[in-house]
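Reading the structure
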Amino acid sequence: MIGAYATRGIFHEVLALAVSMIGEGVLPDRFLITRILQACAYAEDQRLGSVLHSMAIRRGFMGRVKDVPVGNSVLVMYVKCGELGRARAVFDKMRRRDLGTWNSMIFGCCRSCQWEEARRLLDEMRREGTEPGVVTWNTLISSYARSGDLDVAVDLLGQMEECGVEPDVVTWTSLVSGFVHSDRGDEALQCFIRMRVAGVEPNGMTIACAISACASLKLLRQGSQLHCHAIKIGTVNNVLSGNSLVDMYAKCGEIVAAYRIFNEIPEKDIFSWNSMVAGYAQAGYCGKAYELFCKMESYGIQRNVITWNTMISGYIRNGDDERAFELFQTMESYGVKKDTASWNILIAGSVHNGYFDRALRIFRQMQSVLIKPDYITILSIIPAFANLVAAWKVREIHACIFHHNLEMDGKIANALINAYSKSGDLAGACAVFDRHSSRNTISWNCIIVAHLLHGSPTKVVDYFFKMKQQGVLPDHTTLTAVIRAYGMEGMVSEGREIFLNMDKDYNVTPDLDHYAAMVDLLGRSGRLQEAYAIIDEMPLAPNLTLWESLLTSARMHGNVRLALLAATEMSMIEPNDPRIQVVVSSLQDLAGQSFDVPKVTVHSKERMLGGVESCSTEIRNMVYLFSTGDKVASEHEAAELKLMMIEMGPSMLSAGNGTLEVEEEKEELAGIHCEKLAIIVGIFNSPHFRSIRIIKTARMCNHCHTFAKLVSEKYGRQILIKDPKYLHKFENGNCSCEDYW
C-alpha cells in the first residue's frame, strides 16, 4: 500500500500509513524505510523523518556499505526540510558515498545559497574518485542561473563539456531561463541556438523561455518561428507556452494575434489574463484592458496585485493620471494590498509626465505608510531632481537611500553621482564615488563626466588614468569626455592621439560623438580649417551636434564664413528650429555678399522670436520663475541693479570682444534678461554662504555672462547657471567654461 501511494506521489497517505503501521508494531525494513523517508522529504515532515532516522540507526540500517540508499534518503529528507547542518552531519558520518550522496549534498548547499561550499564539494567528489554526472552539473548550473550568476553557470557548462558529460535539455533550459530572468535576452537566444546546434531537442519550457526572450527584445520574426516550433512539438496549447506567446505578440504590437492565442489557451491562469491586460494597456487600449480586468473574476480568476499594477501603469502611461490614482486608492478595498511596485508605478509615471513635485510627494507618502523603497523607486525619482534648483531634494533622497541601506547598490550609487553633479554639488558626487565599493565603467564615466560638466579637465584626465590603472576598460562615453577635456586644456596632440588609436587601444570605433569632440578640440585651439576638414572627410553623415561645435568655434574666433556655413547646414537638418533661423539670419546680415555661401530663406525675426526666455532659481527652498522683460520685485533691488550696471558699464562694453554676436535679443528691445533679474534677487534674498543657482531655457548671452562674472567678484558669491548646453560656475570673477560656450 505504501509503495502504491508513493508511486502515485500521494505522500500524505504514505505518511499516514507509516504511522499506522508502526502503531501496529510492524517495523519497516531497509526498502520501506527508504520509501517513507522520501515521502517525508517531499512533504517536508521533519518530525517523522527524525523519528525514522533514529529508527534506522537503532536497527542498524546506517553503518554498512549496503546501507547507502537509506543514508541518502535521510540526507535528502534533511536537505528538503531545510536542515542543512543535520544533513551535513549525516553526510560526514557515511562510510561510503555514491553519486546520489554527493548530488544530494551539493543540492542542499545550492538550495541554501552556499555556492562556494557546493563548488568545494564538486572538487572533493572528483578527488575521491566519483565523477559528477549530468544531474550534478545540472544542479550547480541551474542554481547559479536562478541566482543570476550566469557567468559562473556558463563556466560550469564549459567544465561539464570538458569532462565528457553531454548537456541535456535541462542544462540548456536552465541557462536560457536564467538569461531571460536577468534581462539578457540576446544571450538567451544564443544559448537556445547552441542547444539546437548540439542536437538537443527543446521541450515546452525551453520554447516558452526562448519566446519570452523574443518578447523582451521585440523580435517578432524569431518569436513567430518559435511559435511554429511549439505547434510542431505539441506544446502550443500548454499554458506556459501560451502565456509567453501572448506576451511576445503583445509587446511586438501584434495585439490581434495576442488575443487569438489568449482565446486558444484552454485553461487560462492568472498569468494569461495579466499578460493580455498588459498587452492592451501597453498598446494604448486601456478601455479593452479594463474590460478584461473586470471580466476576470467572473471566470473564477482572482485579480492579484500584478493585475492592478498593470492597469494603473497602463492608465498613467497613456496620460490618464486621474483614473490611475483612482484605481490605486481603491485596490485595497478589493482585498489587494499595495506593494512597492504599486508606489513605484505612480512615482515613475509622475516623473515621466513631468510632475516632479508630485512624484516627491508620493515618495514621501510611501515612506509615511512604512513601505520600504527599493532600487527601482530610487532610480525612478532621482533623475527628476538632477538639476540646479533641486539640490536639497537630492540630499533628502540620499538620506532615504542611506537609511534603507541601498547605497551599496551600484546603479543607485551611479545615479547619485550623476544627480549630485547636475545639481551643482561636485563634492557630493565625489563623496559618493569614493565610498562606491563596486565601481564599473559606468561609475567611472559618471565621475569623469561630472568633472567635465564642472569645468575640471585636469581631474577628468586624472580619473581616466586611474580608471585604466584599476583595470577598468574605457568605453565610448569615457573617450568622448577625455577628448573634450584635452580640448579644454589646449592639449591637441594628446586628444588627437586618443582619437586616432581608440579602435586599436580600446576596441571602440569612432562615432559622431567622438568626431564632435574632435571638432571641439581643434576649434578651441583656433584650428578651424582642420576642424572643418574632420567633418568634410569623416565616413559618417554629420549631425546637428557636429555643425554646432563648428559654429561655436567659428563664432568664438570671429570667422563669419565658417560660422555661416555651419549654421546653414544646421538649418537644413532642423529647418523648423527658430533659434537656428535667428543665427542664420544674423550671420547672413554680417556676411553680406562677400562670401560664397548659399542663402537660406528664413522667416521674419518677429515670428522667430515669438518665445519669451525664462529662468528659474531656488531661494530659501522656494523656486522662482523669471522671464526676460520682467520688472524687479522691489525698488531697492531695481535701484541696486541700475547702480551695478552703471558701475560695470566699462567692463560690460568689452564683453564678447572678438566673437560674433549672432543670437541674443538686445535688452533695449526685449527688456532686462531674465538671468540678471534672478541674480539680483538672489543676491539680496539668499544667505551669503549659499550659492545662487539658476536654470535658463536659452543660451546665455555675452553681456549676461560678463555681468555674472563681475557680480561673483564684487559680492564674493558663487553663481551657477545652467543653460541648454553648459553649466557655468562663476567664482571670483571667472567662469568654469573659460568664456567658451
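What you are looking at is a predicted structure, and each value in this text was computed from that prediction instead of being measured.

A few points about the overall build of the protein
- The helix and strand inventory of the protein stands at 41 helices and six strands.
- In terms of overall dimensions, the protein is more spread out than a globule: its C-alpha atoms have a radius of gyration of 34 Å, far above the 27 Å expected for 741 residues.
- Once the C-alpha set of the protein is aligned to its principal axes, its extents read approximately 110 × 60 × 55 Å.
- Taken across its 741 residues, the protein has 51% of its residues classed as buried.
- Carbon and sulfur atoms provide 52% of the accessible area of the protein, an area that totals close to 34900 Å².

A short note on the packing of aromatic side chains
- All told, the structure shown has 19 aromatic pairs when counted by the stated rule.
- Between Phe684 and Tyr715, the ring centres sit 6.5 Å apart and the planes meet at 80°, which makes this aromatic pair edge-to-face. Here Tyr715 lies in helix α41 (residues 702-715) and Phe684 lies in helix α40 (residues 674-685), a separation of 31 residues in the sequence.
- Seen from the ring of Phe91, Arg97 lies directly overhead, with NZ or CZ sitting 4.1 Å from the centre.
- Over the ring of Tyr463 we find Lys466, and its NZ or CZ is 5.2 Å from the ring centre.

Re the state of the cysteines
- Counted by the stated rule, this structure contains zero disulfides.
- Cysteine Cys81 remains unbridged, with the sulfur of Cys40 as its closest cysteine sulfur at 7.4 Å.
- Cys81 gets classed as buried once you look at its relative accessible area, which sits at 18%.
- Cys110 provides the cysteine sulfur closest to Cys113, a residue in no disulfide bond, and the two sulfurs are 8.9 Å apart.

A short note on the pattern of salt bridges
- Taken as a whole, this structure holds 23 salt bridges when the rule is applied.
- Each of Arg88, Asp92, Glu117, Arg120 and Glu124 takes part in a single network of salt bridges with overlapping partners.

Brief notes about the environment of Lys268
- As for its position among the elements, Lys268 is in the loop between α16 (255-264) and α17 (270-282).
- Among the polar contacts listed, one links the side chain of Lys268 to the backbone oxygen of Phe262, at a separation of 3.4 Å.
- There is a polar contact of 3.3 Å between the side chain of Lys268 and the backbone oxygen of Ile265.

Section: the confidence of the model for the protein
- Chain-level pLDDT for the protein is 87 on average; 91% of the residues reach the 70-or-more range.
- Contacts for the low-pLDDT stretch residues 593-598, under 50 throughout, to residues beyond four places or in other chains number nine contacts.

Calculation rules
Residues numbered from 1 in each chain as written. Predicted model: local features only at pLDDT ≥ 70, side-chain atom pairs only at ≥ 80, totals over all residues. Heavy atoms only, no water. Helix = DSSP H or I, 4+ residues; strand = E, 2+ residues; numbered from the N terminus. Rg over C-alpha atoms; globule rule 2.2 N^0.38 Å. Buried < 20%, exposed > 50% of the residue type's maximum accessible area, 1.4 Å probe, protein only. Areas by Shrake-Rupley, 256 points an atom, 1.4 Å probe, with all protein chains shown as cover. Phe/Tyr/Trp six-rings, centres within 6.5 Å; stacked < 30°, edge-to-face > 60°. Lys NZ or Arg CZ within 6 Å of the ring centre and 35° of its normal. Disulfide = S-S within 2.5 Å. Salt bridge = Lys/Arg side-chain N within 4 Å of Asp/Glu carboxyl O. Polar contact = N/O pair within 3.5 Å; in protein donor to acceptor, adjacent residues only side chain to side chain. pLDDT = per-residue confidence, 0-100. Contact = heavy atoms within 4.5 Å.

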